[in-house]
Structure formats: structure tokens, C-alpha cells
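# Coordinate analysis (summary)
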Amino acid sequence: MRIAVLRDYQSLSERAAALVSARIGKKPTAVLGLATGSTPLGLYRELVKAAQRGLVDFSGVTTFNLDEYYPIERESPQSYYYYMQQHFWGPLGICPGRAHIPDGRAGDIAGVCSDYEQKIMDAGGIDLQILGIGVNGHIGFNEPGAALSAKTHLASLSAETIAANSRFFEDRDAVPRRAISMGLGTIMKAREILLLASGSEKARAIGETVRGKLTTEVPASLLQAHPRVTVMVDRAAACCLR
Ligand code: F6R
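Here goes a summary of the coordinates provided. (Residues numbered from 1 in each chain as written. Predicted model: local features only at pLDDT ≥ 70, side-chain atom pairs only at ≥ 80, totals over all residues. Heavy atoms only, no water.)

Moving on, we get to the site of the ligand. By nearness alone, 14 residues border the ligand, and T36, T39, D67, H138 and K202 come closest of all. At 2.6 Å from an oxygen atom of the ligand is found a side-chain nitrogen or oxygen belonging to D67. R167 is positioned with one of its side-chain polar atoms (N or O) 2.8 Å from an oxygen atom of the ligand. Alone, the ligand offers 410 Å² of accessible surface; in the complex the protein occludes 94% of this. Of all the cavities here, the one that holds the ligand is the largest pocket. Partitioning the shell around the ligand into residue classes produces 3 nonpolar, 8 polar and 3 charged. (Near = heavy atom within 4 Å. Polar contact = N/O pair within 3.5 Å; in protein donor to acceptor, adjacent residues only side chain to side chain. Areas by Shrake-Rupley, 256 points an atom, 1.4 Å probe, with all protein chains shown as cover. 1 Å grid on protein atoms, 1.4 Å probe; cavity = no way out; pocket = protein on both sides within 12 Å on 5 of 7 lines; lining within 4 Å. Sits in = over half its atoms within 2 Å of the grid points. Nonpolar A, V, L, I, M, F, W, Y, C, P; charged D, E, K, R; others polar.)

Here it is in C-alpha cells:
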């Protein structure tokens, strides 16, 4: 694991954007795996700015999001589809055929999950997967537990995740209890991984991810077994790494 500690959230976002832009510069048809939530917002803002200045070109890029709540309508402002449209696909003008996200409205969940895996394979696999991390060490919606799913699946959100994500909803009861998420195997197959974390509330999870044992109780710790991972954190999130 390569660890980069940045001064603050803005520096983290700029450095992450530089890494993503460099990879697209090298491979204009790159396949990106994308996360939602608060952490990558700065990265997306910096990438949109760079694209508007002509410093990076997303016209050949294909994207696959990690997850989507289930059930949820695409038009719901809390859906990850809406988030991506708002912060990334929309401003960059990414063509809908190239921007993928699990369908949170689906009736046939097993079909949606196997289709998603197939689409990733058909696109040639993920070149660069961007990840955030939960306070409990989850990545995607792969929550701590005795076992983890390898492939895209219907996941149950932990009580910690429901509490953390309730800030985006009216109250805790409004948070969907389930989500469709890539599995640990889907994530580990990416050729490169960039894990981002900001703020002291992520410090324990980052410490366990980087320095701890590999355990399904901290899903992100399994990233230690991946050959090409960069963990980019700000100083607050790095405080357990000293
Ligand atoms: C979101 C996702 C989650 C988040 C994590 C951190 O697509 O997969 O694993 O990355 O919950 O969320 P924030 O960045 O809001 O703290």
C-alpha cells in the first residue's frame, strides 16, 4: 500500500484528481470505478474543473459506481444516481451509455447483480477503483461481519452506516436498509485502487485498514492483499498511522 498524507481535504482532493487525470492521460478509454458520499465530492469538483480547462478528457472514459440504495427511485435526491448526475456525469457530459450504476428500482435483483458483473467484464475490467471508507471500515456497502460477498449483491446496511448516512435523509428511519453493492471480489479485481479518507472520524478505520490484520470485521483491511493500492488521507484521518 502506498500511503499519502495530505495537509487537508482540499489538498487531498487535488492530489486525487491529479492521479485520476494522469491515469486517463495514459489511457483515454480508462474504466473507472466510482464512489459516492461526502469524501469524493472534492475530487469530482477538481476533475470537473480540469475537464472544463481542457486538462483531462472524459469522452472515452467508462464508469461503474460501487453501489446504490435499494429500493430507491433514480429521481430521489438521496439516490446515488442523482448524486452522480449532479456532481459528475452531468457537469462532465458523460454519455449515459458509459455511466453505470446498479438499478435501485429493480425487481429482479439477482439479474441486476449478475448483469452488472458482466458489464464490468465486457468493458475490460476496472482500471482504477475509487473508494471511500465507512467509520466501521466498510468499502462499498460491504459491511463488517463473519463473511463477505465476492460479487455484486444485495447488502444489508449496518446500524453504524444507517446512523452515518442519516445526515443525507430526513431522519434515521428514512435511510434504506439495503443497497446493491459490488462485492469484495469485484473491488479486488480492479487493476488499481485509490482509497480516500478525510477527517478524524475515519482515523480508526484507516489505522486498522493499513496497520491491522486482514479481517472481514474491517473489510477495507483486505486491500492490503491488493498489489496496487494508494491510500490518500488528510492529516486528521492519518492520526492513527503515526
Ligand atoms: C459510497 C460508498 C461508501 C462510502 C463510505 C464513506 O458509494 O461506497 O462506502 O464511500 O460510506 O462515505 P462518506 O464519504 O460519506 O464518509
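A few words on the sheet that holds strand 9 (residues 192-197). If you walk across this open sheet you meet the 7 strands as 1-10-9-6-2-3-5, and the pairing is parallel. With one partner strand each, in any of the chains shown, strand 1 (2-6) and strand 5 (99-100) form the two edges of the open sheet. As paired elements, strand 3 (residues 62-65) and strand 5 share 2 bridges and run parallel to each other. When the sheet's bridge partners are listed, T63 is paired in strand 5 with A99. (Pairing = 2+ DSSP bridges. Helix = DSSP H or I, 4+ residues; strand = E, 2+ residues; numbered from the N terminus.)

This brings us to the sheet that holds strand 4 (residues 67-70). Taken in spatial order, the 3 strands make up an open sheet running 4-8-7, and their pairing is antiparallel. Only two strands of the sheet have a single partner each, and these edge strands are strand 4 and strand 7 (153-156). Direction aside, the axes of adjacent strands within the sheet are offset by 35° on average. Pairing of strand 4 with strand 8 (residues 178-181), which is carried by 4 bridges, proceeds in the antiparallel orientation. Bridge pairing links E68 to I180 in strand 8. (Axes fitted to C-alpha atoms, helices over the stretch in contact; angles between N-to-C directions.)

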